[in-house]
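# Close look at the chain arrangement
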Amino acid sequence: YGLKPPSAKATVVWTEEKKPAKRETRTVELGVEVPGTDVTAARLAGSPSVVFVPSSVATVVRKNVNDFKSKELFGGVSALDVSRIDLERWRGQIVLARKSGVWWLDQPLADLADSEAAERLAGDVTALRVQEFLTAADRSDLATLGLNPP
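These remarks concern the structure in this document. No experiment lies behind these values; they were computed from the predicted model shown.

The rules behind each value
Residues numbered from 1 in each chain as written. Predicted model: local features only at pLDDT ≥ 70, side-chain atom pairs only at ≥ 80, totals over all residues. Heavy atoms only, no water. Pairing = 2+ DSSP bridges. Helix = DSSP H or I, 4+ residues; strand = E, 2+ residues; numbered from the N terminus. Axes fitted to C-alpha atoms, helices over the stretch in contact; angles between N-to-C directions. Core = buried A, V, L, I, M, F, W, Y, C linked by side-chain atoms within 4.5 Å. Buried < 20%, exposed > 50% of the residue type's maximum accessible area, 1.4 Å probe, protein only. Salt bridge = Lys/Arg side-chain N within 4 Å of Asp/Glu carboxyl O. Expected span 1.5 Å × (residues − 1). Arc of directions from axis to C-beta. Contact = heavy atoms within 4.5 Å. Polar contact = N/O pair within 3.5 Å; in protein donor to acceptor, adjacent residues only side chain to side chain.

## Here's the deal with the sheet that holds strand β3 (residues 39–44)
Overall, antiparallel pairing links the 4 strands, which are arranged β1-β2-β3-β4 in an open sheet. Only two strands of the sheet have a single partner each, and these edge strands are β1 (8–16) and β4 (51–54). Geometrically, the sheet is characterised by an average inter-axis angle of 40° between neighbouring strands, direction not taken into account.

In structure tokens, the structure reads:
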């Protein structure tokens, strides 16, 4: 069943309401997927009994660490929460600020801003989600990705 050694393990830690200071744990060891089925061999750590669990659970346990990282860049901040947007580009800096619910240009000049454009920008930026995480090798030369300071 592929449990010596297991191909993956998942340990769950929890506390019970009546005993919040005591941590409970349980580990499930995963083996091989049974051919022609949608189940994977498994057992509780320390138990000789083999059980079968959905292969979908085993697939999730075996995922890469990047699959568990949050893909939200702004952690749930919405466009309505934004009070200021600073844009730095090779052509200079633009600062938009929301004051009493109205969007204003603060830099390079002080003027009323296009509220729809500012709100759309705030929404687009706060809604950004990661498409792919870079490997350590890719992170070593950010200049090739155009990530030199503007």
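Moving on from the coordinates now.
## Section: the nonpolar core
Where a protein is soluble and globular, its nonpolar side chains tend to be buried together. In terms of nonpolar packing, the biggest core is built from 9 residues, these being A79, V82, I85, I94, L96, W103, A113, A118 and A122. Put simply, the parts of the chain that give this core at least two residues each are β6 (92–99) and α2 (115–126).

## Regarding the sheet that holds strand β8 (residues 111–112)
Taking strand neighbours across the sheet as the criterion, the 4 strands line up as β5-β6-β7-β8 in an open arrangement whose pairing is antiparallel. The outermost strands of the open sheet, each flanked by one partner alone, are β5 (84–89) and β8. Of the strand pairs in this sheet, β5 and β6 are connected by 6 bridges, and their pairing is antiparallel. Paired with R84 across the two strands is A97, which belongs to β6.

## Details of the pattern of salt bridges
Taken as a whole and judged by the stated rule, the model has 5 salt bridges. E24 is the partner of K22 in a salt bridge, and the nearest nitrogen-oxygen pair spans 3.3 Å. With a relative accessible area of 43%, K22 lands in the partly exposed category. The residue D86 makes a salt bridge to R84 at a minimum N-O spacing of 2.7 Å. Residue D86 is classed as partly exposed on the basis of its relative accessible area, which comes to 38%.

## Comments concerning unusual backbone geometry
Note the cis peptide between K4 and P5, where omega equals -10°. For P5, the location among the structural elements is in the segment before β1. Cis geometry is adopted by the peptide bond preceding P108, which originates at Q107 and carries an omega value of 5°. Position of P108 relative to the elements: it lies in the loop between β7 (102–107) and β8. The phi angle at S100 is positive, at roughly 55°, despite the residue not being glycine. Inspection of the secondary structure puts S100 in the loop between β6 and β7.

## Examining α2
An ideal rise of 1.5 Å per residue puts 16 Å on 12 residues; α2 measures up with 16 Å between its terminal C-alpha atoms. The complete set of buried residues in α2 reads A118, A122 and T126. The buried residues of α2 occupy an angular sector of 55° when the element is viewed end-on, so they sit on one face. Close packing links the buried residues of α2 with β5, β6 and β7. The backbone nitrogen of E116 has a side-chain oxygen 3.1 Å away, supplied by the residue at the start of α2, namely D114.

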